[in-house]
Amino acid sequence: MRLDVLNNGYRPGTKLLFALIRLVSRRPVPDAAKLVFYRSDFYGSRAKKFTHEAMRGPSAWSVGDRELMAAYVSKVNESVFCISAHSATARRAYQDELKVAAVLADLESAPVEDGLRATLRMLGKLTREGTVGAEDMRQVLSAGVSRQQVEDALAICAAFNTTNRLADAFGFEVLSPEDFEAGAKFLLKRGYR
Amino acid sequence: MVLTEDKKRAAFRALEDRILNGAGRASPEQRARAFSNAGLSQPLDGLLGSVATRPAQVTDADFATARAAGLSEDELFELVICAAVGQSARLYDAGLAALDDAAEEDG
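Residues numbered from 1 in each chain as written. Chains lettered and ligands numbered in written order. Predicted model: local features only at pLDDT ≥ 70, side-chain atom pairs only at ≥ 80, totals over all residues. Heavy atoms only, no water.

What to know about the overall build of chain A
Counting its regular elements, chain A contains 11 helices and zero strands. Listing the helices and strands of chain A from first to last along the sequence gives α-α-α-α-α-α-α-α-α-α-α. Scaling as 2.2 N^0.38, a compact globule of 193 residues should have a C-alpha radius of gyration of about 16 Å, and chain A matches this with 17 Å. A principal-axis box enclosing the C-alpha atoms of chain A has dimensions of 55 × 30 × 30 Å. Buried residues in chain A amount to 55% of all 193 residues. Distance between charge centres in chain A, computed from 28 positive and 23 negative side chains, equals 8 Å. (Helix = DSSP H or I, 4+ residues; strand = E, 2+ residues; numbered from the N terminus. Rg over C-alpha atoms; globule rule 2.2 N^0.38 Å. Buried < 20%, exposed > 50% of the residue type's maximum accessible area, 1.4 Å probe, protein only. Lys, Arg positive; Asp, Glu negative; His and termini not counted. Charge placed at Lys NZ, Arg CZ, Asp CG, Glu CD.)

Shown next, in the form of structure tokens:
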């Protein structure tokens, strides 16, 4: 990572924890996991709470849908680490290899429900252009998405616009496909807490 | 129409409040400028402007320039986070406002 403190600035107890994770998982500790341990009172503890609430808290959206939204927002931001991490998690949650790839390749022709497609379209516009209007929201609502579901999707959008920026600014190291799969398995089992 | 603040929004506000108003190595004024991506002086405007608007294009050189201007690693850690959360807050607010507008016109 681009800041030395994010590579080496951890307390002894945290360093020991990282060593233990490497030993047990036989995989590197992903930079996304490291970041939330550095001075966790400043960012990590509250960021984890918010992201967990958005991604695993009560919602009419499935975990697969939410991971797909995370992957889609990451795609719009061209955030390589996050695209890989959340595509892998969405594929595993849906138990469907093709759906996620199809959405990221071409949302309009992808085999997803109209409500999800309209929501992803709105999140993409908001992320890309920085704003959306009432008409954009009406299109989502008229595709059968509830007001609460729109709010839930906006929380995911905020969580991943933050994470994408930190991944790219701090320079998260891109993992191997096997390590991203292991990360996906972890996120489905444990969430973001 | 006033929406009840849901748990997700409350958790985001708690993060916002901590990074802006809690203790930090960068001054609260600097953190507020990073968060709003406004009023930043050189060379921080380069790095933090990129974090806000084109994060995939941040480079090692952006960090080197900021360090050369005397910013510590911990100040940069905080200010990059403020810039990232600030842009996300603007998106979140813009989305919620548009949703309110759509609901008002309907109702």
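What to know about helix α7 (residues 97–105) of chain A
All names here are of chain A. For α7, every residue scored as buried is listed here: K99, V100, V103 and L104. What you see down the axis of α7 is that its buried residues fit within an arc of 125°, all on one side. Counted as exposed and oriented over 90 degrees from the buried face of α7: E97, L98 and A105. Residues of α7 that are buried sit in contact with α5 (63–76), α6 (80–94) and α8 (114–129). (Arc of directions from axis to C-beta. Contact = heavy atoms within 4.5 Å.)

Observations concerning the environment of N7 of chain A
All names here are of chain A. Its location among the elements puts N7 in helix α1 (residues 4–8). On the accessibility criterion, N7 (28% relative accessible area) is partly exposed. Counting along the chain gives 28 residues from N7 to L35, while the straight-line C-alpha distance between them is 9.0 Å. Reaching out from N7, the side chain makes a polar contact with the backbone oxygen of M1 at a distance of 2.9 Å. (Polar contact = N/O pair within 3.5 Å; in protein donor to acceptor, adjacent residues only side chain to side chain.)

A closer look at the interface of chain A and chain B
If you look at the interface, chain A gives 44 residues, while chain B gives 49 residues. Its largest share of buried area at the contact with chain B, chain A owes to F42, R147 and R165 of chain A, together 20% of the area lost on that side. Connecting chain A to chain B are seven salt bridges. Joining chain A to chain B, the criterion identifies 17 residue pairs in polar contact (both at pLDDT 80 or more). Those elements that place two or more of their residues in the side of chain A that touches chain B are α1, α4 (44–56), α8, α9 (134–142) and α10 (147–170) of chain A. The dominant element in the side of chain A that touches chain B, judged by the number of residues it contributes, is α10 of chain A, at 15 residues. When the residues that make up the side of chain A that touches chain B are grouped by side-chain class, the tally is 23 nonpolar, eight polar and 13 charged. (Buried area = accessible area lost by both parts, 1.4 Å probe. Salt bridge = Lys/Arg side-chain N within 4 Å of Asp/Glu carboxyl O. Nonpolar A, V, L, I, M, F, W, Y, C, P; charged D, E, K, R; others polar.)

What about a nonpolar patch on the surface?
Taken together, the side chains of L17, I21 and F37 of chain A make up a nonpolar region of the molecular surface, amounting to roughly 210 Å² of accessible area. Structurally, F37 of chain A is set in the loop between α3 (31–35) and α4. (Patch = residues over 30% accessible without salt bridge, like charges linked within 9 Å, V, L, I, M, F, W, Y side chains within 5 Å. Areas by Shrake-Rupley, 256 points an atom, 1.4 Å probe, with all protein chains shown as cover.)

Quick word on the confidence of the model for chain B
Residues and elements named next belong to chain B. When pLDDT is averaged across chain B, the result is 93; 93% of the residues are at 70 or more. Per-element mean pLDDT across chain B ranges from 95 in helix α5 (residues 73–106) up to 98 in helix α1 (residues 7–21). Prediction confidence for the complex, expressed as pTM and ipTM, is 0.96 and 0.97 respectively. (pLDDT = per-residue confidence, 0-100.)

Quick word on the nonpolar core
Membership of the largest hydrophobic core comes to 99 residues, with the highest contact counts inside it found for L6, Y43 and F170 of chain A. Looking at this core, the element that brings in the most residues is α5 of chain B, giving 17 residues. Beyond its immediate stretch of four places on either side in the chain, F170 of chain A contacts M1, R2, L3, L6 and L35 of chain A together with F63, F77, V80 and I81 of chain B. (Core = buried A, V, L, I, M, F, W, Y, C linked by side-chain atoms within 4.5 Å.)

Here's the deal with the pattern of salt bridges
Residues and elements named next belong to chain A. For the structure on display, the rule yields 22 salt bridges over all chains. Residues E135 and R138 are paired through a salt bridge, measuring 3.0 Å at the closest nitrogen-oxygen approach. Here R138 and E135 lie together in helix α9, a separation of three residues that amounts to about one turn. Assessed through its relative accessible area of 24%, R138 is described here as partly exposed.

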